[in-house]
Every structure is written in C-alpha cells, then in structure tokens.
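Breakdown of the fold
Below, each chain spelled out in residue letters.
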Amino acid sequence: MNSRPVQRPRAAVDEAGTGGGHPVAIGMRIHSVARWLLCLACLGAGRIHAAAPRGGDPVIFRSGVGRFEIAANDGTAAATVNAMADEAWRLLAAPLALPESFSSPVFVRLIPAAEWSEPAAFRVFVEPGGLVSARVRWDAQPQGWVIRRALVQALLLRLGVTHFGVRAALVAPLWLEHGCVGWWHTHQDAAQLDALKQETAGLPPPSLAELLAWQRGGTEPRPLSAGSVWLLTFFQAESPAGEWPSLLRRLIAGDEALPALATQFPGRFGNDAERELWWQTGWHHLRRVHALPTLGAAESRLALSELARLVVAVDGEHDAVVSVQEALGQSGEVWLDLELQRRTTEVNRLLPSLHPFYRNPGLSLAAALAGRSAPARRDELCRAFDNDWRDALELEAAAAAALDWLERQLRAGP
C-alpha cells in the first residue's frame, strides 16, 4: 500500500551508532487504517498457549491489555520477548509514572535476521493515529540489550502520545533510554547494581549538561550510559513533590532540557556551576549508598501477584485469568509450559529480595511451580501458597494500620 510521509520527530534519525557497534533507530511513518485492521484480523487474540504458526501466520503474545503485543513467526521468540515486556512494565512503571494501561498497546514485530534489511537493530514508529509500533531484528542468539532498548524506546514514545498526541516534537531522549534500560537491568538483578557501583567508583561524573544534550547518531560511550542510570535515580530521589514526572513529560514533549530542568526543580541551583555541584553531589551519594537489595511490601506483593496469575484460553476460544493451580492443571501445552518455566525462574530470582512479609509466599509459589508432575502434591503446594499469601496480606495491612495510628498520635501531640 502507498504511504504518505509525515514530518518526523525532532530526535528521529535514520540510524544511531551504539557502543557495541549495532545501530538502532527511531522514526515516524504512516500506515493506512486498512493495513492495521488486516494485521489485527490475521493476528487474532494472544494467548499463553498460542498454537504454532501455520502457513507463515505469526504467533501473538499479549503482555496485558493496553501494554505490549508481541508478534513473531517463532513462538519461542514471541514468548521470550513477551516475558521481557512484562518485566519492563513492572520495573519501569514507577520511574516513568506509567498508567495502568494505554488506550492501545505497543505493537512489537520480531523479524528473523535473514529477512532483516535495515542497518539498525530495531526501528520504532509513531503512526498518525497514535499507534506505536516497533520492528526488531531477531537473531538466533538475540542480545538482551537490543530488545530492552527497543521496548524502552517504544514505551517512551507511547507515553508521549498519551500525554500530547501525535506531534513532530515527540522524542525519546537518548540518556533517558539508556537510563531506563540500566534501571531495568539493575532492578531485575541486584548484583547488577553492585556491578554498576564498582564500575563507576573510579569515574568522574559526566556533566549534567552533557548527559541531557546527548544525541543519537554518534558513539555511545559507556560513561554516559552508566551516568544515565544514576541521573534517572537522582531525579527520582530529588522529587518529593512530583518534580521528576513533570520534567519527564516536558522532555518527551521535546522541550529544551536545561531550561525545563531549572523550571521543574526550582531552588536547587542558581547558576550552571551550582547545577553541576548539585548533580555531582547526588552522583557520589547514590553511588556510595549501601542498602540491602530488598523490595518493599507493596513491590513484593505486586511482583508475586503478577507471577501467580496467568491468562490462558478456556475451551480453546475464550481468554480467562486463572490461578497457578488452574494453570498447572493445563500444563503439557508447549506455550504454557514455557511460561511456567519462566515464572519458576523469575520467582527463584526474586526470593532473596522479597520483603519479609512475602518471603513465605515466594517460597511456596516457587515450590508449587516446580511441582508440576504430581497432581496431589501440586494441589497441596498450591494450598500452602494460598495460605501464605493470605497471611502476608494480613501482615501488610496490620503493619500499615499500626504505622498510620502512630503517625496520627504523633501529629496529635502530647
């Protein structure tokens, strides 16, 4: 079908080199409504146990309504990226102030490397109707950072569409893209945060002006990408009254970064030298903070609740949210088994960082997911998880009530 070119976002380029030598790109183009309707009609609804593609039809996985939809001819590839999309949404919801869902998801299409003709490793597009799509090269041994950057870039532009609609000025700032990828990586695995601290221990902080002005098209030095993670962390730490979410929206809208920073963080600095001192002090403080890699109670509850519920097809047609016990009873289907294996790995990874209230539910969920072969034992383990989950919710609620009471008493005074 013919397409009519439109003005591209200010940050859009044909390709941008990365430190690893693999270019990435960002762009805007138009697709006719008919093409999208045809694609959606062919793709159908995504399910965990989607059938293997027949006749070249893609398999669709959906990370959640209004979040991500992943399409690929290789079902294993789609399942892998869908799991990463779930993880991206969970870990970036707070720093990006994501809504519960978008009016339309981010559409991601995985293209086999043999069919990929672009010089870039991925492309992200904003459609005139507000749809955001990404095309990603899928290699036999895919690089995780490529997938992460594609998902993050698409998420940033979709957030921009939500706040401002389709406009030429929408951008995904390069430092913010790197910062989100690094935040994701270090919060997925606490050891990576320690590694980042060690890596940056001997590095001087890059200037704030340099980070905010970082543009696509050249090399991507590691000191800048590492500094971007600390900058994202710093802005959140310095944002008790919502300064960071306001700055984030202005940056995605394409506003000039330094004037927007001065406006959204009033009173922090009076000139360029004070601004850099403010940032460098924060860099060194954050890098030296020693903290146990423990999630809060609410974060632990959210992480486990998402791992303990699945969307599967009932009677081969209708999607339904089911418990772990129900899903385990349907194991034996290839896509469901792959997803259960992934969740087993994810729960075991989370266990060391779970809040004490949710440590027992985490242990019992891990045991239930690992006990798929014996129905009687499986049901017993699932009941243990239900009991531990109920106890954890009661503990969290009781602790919150006690703290609220104490705060009221302190405010009331003697």
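Before going into details, it helps to say that this report is about the structure given with it. The numbering scheme is per chain: residues are counted from 1 as the chain's sequence reads. In view of the model being predicted, local features appear only for residues whose pLDDT reaches at least 70, and side-chain atom pairs are presented and counted only at 80 or more, with totals across whole chains, interfaces and linings using the full set of residues. As a convention, hydrogens and water are excluded, and side-chain values are obtained from all of the structure's heavy atoms.

The next point concerns the overall build of the protein. From N to C terminus, the protein includes 15 helices and nine strands. The cut-offs for exposure are 20% and 50% of the maximum accessible area for each residue type, with area from a 1.4 Å probe on protein chains only; residues under the lower value are buried, those over the upper are exposed, and the others partly exposed. A burial count over the protein gives 47% of its 414 residues as buried. Put simply, of all contacts in the protein between residues at least 6 apart along the chain, 67% involve residues at least 24 apart. For the protein, the computed accessible surface area is about 19500 Å², with 55% contributed by carbon and sulfur atoms. Helix numbering and strand numbering both begin at the N terminus, where a helix is a DSSP run of H or I of at least 4 residues and a strand a DSSP run of E of at least 2. We call two residues in contact whenever any of their non-hydrogen atoms come within 4.5 Å of each other. Areas reported here follow the Shrake-Rupley algorithm with a probe of radius 1.4 Å; residue values treat only the protein chains shown as occluding.

Let's shift gears to helix α11 (residues 297–307). Turning to α11, its buried residues are Ala297, Ser300, Ala303, Leu304 and Leu307. All buried residues of α11 lie within an arc of 135 degrees about the axis, which places them on one face of the element. As used here, the arc is the angular range of directions from the helix axis to the C-beta atoms.

Our next topic: the pattern of salt bridges. Here, a salt bridge means any Lys or Arg side-chain nitrogen found within 4 Å of an Asp or Glu carboxyl oxygen. This structure, assessed with the given rule, holds 15 salt bridges. Between Asp255 and Arg250 there is a salt bridge whose closest N-O contact spans 3.0 Å. Arg250 sits in the partly exposed class, given a relative accessible area of 24%. Here Arg411 and Glu407 are joined by a salt bridge, their closest N and O atoms 2.6 Å apart. Linking Arg411 with Glu407, this pair stays in helix α15 (residues 375–412), spanning four residues, or about one helical turn. Counted as one network, the salt bridges with shared partners bring together Arg149, Glu177, Arg216 and Glu220.

Let's shift gears to the packing of aromatic side chains. Think of it this way: a Phe, Tyr or Trp ring, Trp meaning its six-membered ring, pairs with another when their centres are within 6.5 Å, and the plane angle makes it stacked under 30 degrees, edge-to-face over 60, tilted otherwise. Scanning the entire structure with this criterion turns up 14 aromatic pairs. Summarising the aromatic geometry, the rings of Phe68 and Trp89 are spaced 6.4 Å apart at their centres and angled 90 degrees between planes, so their arrangement reads as edge-to-face. One end of the pair, Phe68, is in strand β4 (residues 68–72); the other, Trp89, is in helix α2 (residues 75–92), with 21 residues separating them in the sequence. Here Phe68 matches Trp89 in class, with each residue buried. Ring pairs connect the aromatic residues Trp175, Phe234, Phe235, Trp244, Phe265, Phe269, Trp278, Trp279 and Trp283, which therefore count as one cluster. A ring is considered to have a charge above it if a Lys NZ or an Arg CZ atom is located within 6 Å of its centre and within 35 degrees of its normal. One cation-aromatic arrangement involves Arg148 over Trp184; the distance from NZ or CZ to the ring centre is 5.4 Å.

Leu196, Lys197 and Thr200 are the residues of helix α5 (residues 190–200) that are buried. The buried side chains of α5 occupy one side of the element, clustering within an arc of 100 degrees when seen end-on. The elements touched by buried residues of α5 are α4 (174–188), α7 (222–237) and α10 (272–288).

Attention now goes to the side chain of Ser364. Of note, Ser364 is situated in helix α14 (residues 359–370). Any pair of nitrogen or oxygen atoms within 3.5 Å is treated as a polar contact; in protein, a donor-acceptor pairing is required on top of that, and neighbouring residues in sequence qualify only through side-chain atoms on both sides. Here Pro361 takes part through its backbone oxygen, which lies 3.1 Å from a polar atom of the side chain of Ser364. Excluding residues that lie within four positions of it along the chain, Ser364 makes contacts with Leu381, Ala384, Phe385 and Asp388.

Once that is clear, we can look at the pairing of strand β3 (residues 59–62). Note on strand geometry: in a regular strand, side chains alternate between the two faces of the sheet. The sheet contact formed by β3 and β4 spans four bridges and is antiparallel. In the strand pairing of β4, Ile60 is matched with Ala71. The pairing criterion for strands is at least two bridges between them, as found by DSSP. Connecting β3 to the antiparallel partner β4 that follows it, the hairpin turn spans five residues, and Gly66 within it adopts a positive phi of roughly 75 degrees.

This part is about a nonpolar patch on the surface. On the surface, a cluster of nonpolar side chains totalling about 460 Å² of accessible area is made up of Leu403, Trp405, Leu406 and Leu410. Mapped onto the fold, Leu406 is located in helix α15. By relative accessible area, Leu406 is classed as partly exposed at 42%. A patch consists of residues exposed above 30% relative accessible area that lack any salt bridge, with like charges linked at up to 9 Å and nonpolar side chains (Val, Leu, Ile, Met, Phe, Trp, Tyr) linked at up to 5 Å.

Here we take up the nonpolar core. Side-chain atoms within 4.5 Å link the members of a nonpolar core, which is a set of buried Ala, Val, Leu, Ile, Met, Phe, Trp, Tyr and Cys residues. If you look at the biggest cluster of nonpolar residues, it comprises 77 residues, and the most contacted ones within it are Trp175, Phe235 and Trp244. The element best represented in this core is helix α3 (residues 144–164), accounting for 11 residues. For Trp244, the contacting residues outside a window of four places in its chain are Pro95, Trp175, Leu176, Leu232, Phe235, Gln236, Ser239, Leu251 and Phe265. Counting residues in hydrophobic clusters, the runner-up holds 26 residues, among them Leu304, Leu307, Leu336 and Val347.

Interpretation in functional terms is not warranted from these geometric data alone.
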